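What follows is each chain in one-letter form.
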Amino acid sequence: MLSELIIKNFAIIEEVSISFEKGLTVLSGETGAGKSIIIDAIGLLLGGRGSAEFVRYDTEKAEIEGLFHIEDENHPIYIRCKEHGFDIEDEMLILKRDITASGKSICRINGKLVTTTILKEIGGLLVDIHGQHESQDLMNHEHHLAMLQQYDGKGLLPLIESYQGVFSHYSSLKKQLKQLTENEQQMAHRLDLIQFQLSEIQNANLKENEDEQLTEERLKIANFERIYKSLVEAYQSLSQDGSGLDSVRSSMYSLESVASIDQNIKEMHEGISSSYYLLEDISYRLRDSIEEMEYDPNRLNEIENRLNEISMLKKKYGTTVTDILKYAEGIELELDKIQHKDMHIEKLEKDLQNATQSLIDVGLKLSEKRKELANQLTSDIHKELKELYMEKTTFEIVFSFEEGSSTDPYFNNQHVKFTKEGFDTVEFYISTNPGEPLKPLAKVASGGELSRMFLALKSIFTKHQGITSIIFDEVDTGVSGRVAQAIAEKIHKVSVNSQVLCITHLPQVASMADTHLFIAKLIDGNRTKTSVTPLQNEQKINEIARMIAGVEITDVTIQHAKELIEQATSTKYQSQ
C-alpha cells in the first residue's frame, strides 16, 4: 500500500506531505482545489508521461516521492525488483521522480537511478488509477477483449503466446509468398539487380577479416625504415661482443661454480640462466626478422587499391567484410527462389496451409477458453450489477470475427481475418430494460450506468490482480440517491482487500471513508497553493454537510451528515 506521499513544486502544490492508511481514503474539496493534481502526481510517480508544465512556476524542479509497504512476500513486485537489481528491504519500496523546468525526468527506486520505463513497470504492479475517461473506454469495443482477458489474470498467457508464435510464422510465410507472386516486371527488375550485386561481390573474392589484415600490413610497410632500424638496434644491443647477452652469460657462469653451496645463490643462478636463454631466443628471432624484411613499394599500392575496392563494397552492402559476405549469402538464396520460383511457391503454399491449420487449431482453443471466461465474467457482473440497483439489466459478451480477404483460409463458411490477438472480436452488449433487445453497450448505457458497469468490472478484477492500491478519480459521476449509496458500499467493499483512494463529490461515498482528507486551495501572498488536511469527527461531519448542501450548511444538513456516517458505520460493521 501507499504509506507516504511527498509532493513539492508540482502545479499549484508548493509542498504537501500526506500519510495514507489501509482501507478507504476519500479526498474531497471544492472543484479546482487540487484533488486531481494529487492523483496526477501519483500517476507521474508511477511512470506517467512527464512535462515541464507540471513544474510550479518560478521553481527549478518538481519532486514527487512515495513510500510503499508490501507485506505480501509473494507479491510479484519482489521478483520484478530483483530482476532490475534492487531489493525490497523491510517490506518498503521508495519511488522518487524529479521533473526539471526543462522537462527532464530523473527517476529513482530505493535510491537507484532507473529509466522511466522501469519506473512504469514497477509502478504498474503497485497502483491502479482509474479516472472518468477510463469508464469511457467501455464505450469502445476495441478495449473489451483486453478487459475480458484481464479477468483471467495471466491464465490465458500460455495460450496467447502459443498462438502468437504460430501467427508470426504464418505471417512470415504469407509475406514470402506475396513477394514471389507479385508483379512479374518488378520480379524481373529485382532479379537483374541481385544478379549484378552477387556478381560484384563474388568477383571481389573477399576473405573474412581481409580488410583488417591489409590495414595492419599497410601500417608495417609505411613504417618499414623505423621498424628495421629498431630491430637492428635491439639485435646489436643483445648480440654484439661485450653487449647484453655476453654480460648475462658472464653473470650466469660466475654463479654456476657456487650455486650448489648456497640455496639462495642457486635460485639466483637459475633465474639468470632462464633470462639468458630467453634473451638468446629473442636475439635469434630478431636476426630472422631482419633477414626476412624486404621493402616492396609496389605492394603498398596493391594494398591501397584493394582497400579502396573493399571500401566501395562496404558503402553498398555492409559496414564490414563479414556483413558483405552475409548479404551475399542472403541474395544468393533470394536468387535461387526467384529462378526456381514455381518450386518455392509450391512449397510455401503447402507450408502456409499447414501453418493456417495450426493457427486455426490454437486459435480455436484460445477462443474456447475466452468463451468460458466470458460466461464466468457475465455471471459475476450480473451479481455486481444487482448490488448496484441494475438487477433488471441483462449483460452479454458477444463473440464475432472480422471477414478477411479471399487469400485468407475459409472457415465456418466465411473468410476469417487472423490478427495477432486471434480471430475473436469481443463486444459487451446490455439491455437495461426488460423486454428490450440486447444492444452494444456504447449505444445504450447512460453516464451513470457506465459508471456502475465500470465499478462492477473493477470490483471483480481486483480479486484477480495483485495491485496493492487502487485510485478512483470521480468514477461516481452521474449518479445520485440510492444508486450513489450502492456505489459507496461497492467502493468500500473493494477497499476491504485493497487500499483505495477515492476523489468524490458524493456525500454517500465520503461517509464510508476510513480516512477523510480535505483538499483546499489557499492564497499565500501573491501565490496560490494547495493544502491537505486529515479530518476528524466534527470536521468530517461539516465537510459531508457541505457536500450535501453546497453553499449553506444548516442544522438539517448537519443532522443528515451525521445520519449518513452512522448508516455507513453500520453497513461497514455488518459487512465484516
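Rules used throughout
- Residues numbered from 1 in each chain as written.
- Predicted model: local features only at pLDDT ≥ 70, side-chain atom pairs only at ≥ 80, totals over all residues.
- Heavy atoms only, no water.
- Helix = DSSP H or I, 4+ residues; strand = E, 2+ residues; numbered from the N terminus.
- Rg over C-alpha atoms; globule rule 2.2 N^0.38 Å.
- Buried < 20%, exposed > 50% of the residue type's maximum accessible area, 1.4 Å probe, protein only.
- Lys, Arg positive; Asp, Glu negative; His and termini not counted.
- Charge placed at Lys NZ, Arg CZ, Asp CG, Glu CD.
- Pairing = 2+ DSSP bridges.
- Axes fitted to C-alpha atoms, helices over the stretch in contact; angles between N-to-C directions.
- Contact = heavy atoms within 4.5 Å.
- Phe/Tyr/Trp six-rings, centres within 6.5 Å; stacked < 30°, edge-to-face > 60°.
- Expected span 1.5 Å × (residues − 1).
- Arc of directions from axis to C-beta.

Moving on to the overall build of the protein chain. Looking only at helices and strands, the protein chain has 20 helices and 17 strands in total. Relative to the 2.2 N^0.38 estimate, which gives 25 Å for 576 residues, the radius of gyration of the protein chain is 39 Å and therefore markedly larger than a compact globule would have. Over its C-alpha atoms, taken along the principal directions, the protein chain stretches across nearly 120 × 75 × 55 Å. By residue count, 42% of the 576 residues in the protein chain fall in the buried class. Positive and negative charge centroids in the protein chain, built from 62 and 92 side chains respectively, lie 4 Å apart.

Taken together, the 6 strands give an open sheet; going across it, the order is S2-S1-S4-S5-S6-S7, and neighbouring strands pair in antiparallel fashion. Both outer strands of the open sheet, strand S2 (13-19) and strand S7 (112-114), are each paired with one neighbouring strand and no more. For this sheet the average axis-to-axis angle between neighbouring strands, irrespective of direction, equals 15°. In the sheet, strand S6 (residues 105-109) pairs with S7 via 3 bridges, with the strands oriented antiparallel. Within the sheet, the bridge partner assigned to Arg108 lies in S7 and is Leu113. Contacts from helix H1 (residues 35-45) reach strand S1 (2-10), S2, strand S4 (61-69) and strand S5 (92-100), with the element oriented near 105° to S1.

A separate point is the sheet that holds strand S13 (residues 439-440). If you walk across this open sheet you meet the 3 strands as S9-S12-S13, and the pairing is antiparallel. Only two strands of the sheet have a single neighbouring strand rather than two, namely strand S9 (394-400) and S13. In this structure, S9 lies alongside strand S12 (residues 425-431), joined through 7 bridges in antiparallel fashion. If you follow Phe399 over to S12, its bridge partner there is Val426. Contacts from helix H5 (residues 144-151) reach S9 and S12 within the one sheet, and its direction differs from that of S12 by about 90°.

Strand direction decides the pairing type here: strand S16 (residues 515-524) and strand S17 (residues 527-534), joined by 8 bridges, are antiparallel. Bridging from a neighbouring strand, Ala520 pairs with Ser531 of S17. Hairpin connection of S16 to S17: 2 residues between the antiparallel strands, including Gly525 at a positive phi of 70°.

Two measures describe an aromatic ring pair: the distance that separates the ring centres and the angle between the ring planes. Summed over all chains, the structure comprises 9 aromatic pairs. Judged by centre distance (5.6 Å) and plane angle (85°), the ring pair of Tyr170 and Phe418 falls under edge-to-face. Of this pair, Tyr170 sits in helix H6 (residues 157-180) while Phe418 sits in the loop between strand S11 (414-415) and S12; the two residues are 248 residues apart in sequence, bridging distant segments of the chain. Both residues of the pair, Tyr170 and Phe418, belong to the buried class. Where Tyr317 meets Tyr327, the ring centres are 5.3 Å apart and the plane angle is 25°; that geometry is what we call stacked. Taken together, the residues span a long stretch of sequence, with Tyr317 in helix H12 (residues 297-317) and Tyr327 in helix H13 (residues 321-339) at a distance of 10 residues. Since its relative accessible area comes to 8%, Tyr317 is described here as buried. The partly exposed category is assigned to Tyr327, whose relative accessible area is 28%.

Take the pairing of S5 next. Of all 9 residues making up S5, 7 are buried, and the element is well covered by its neighbours. Two elements, S4 and S5, share 9 bridges in a ladder whose sense is antiparallel. If you follow Gly66 over to S5, its bridge partner there is Leu95. Between S5 and S6, which pair antiparallel one after the other, the connecting turn spans 4 residues, and Gly103 there sits at a positive phi close to 100°.

Take helix H9 (residues 224-239) next. Along its 16 residues, H9 runs 22 Å from first to last C-alpha, staying within 8% of the 22 Å computed at 1.5 Å per residue. Listed as buried for H9 are Phe224, Leu231, Val232 and Leu238. With its buried residues spanning 135° around the axis, H9 presents them on a single face. The outward face of H9, more than 90 degrees from its buried face, is lined by the exposed residues Glu225, Arg226 and Lys229. On its buried face, H9 is in contact with helix H8 (210-222), helix H10 (244-256) and helix H11 (263-292).

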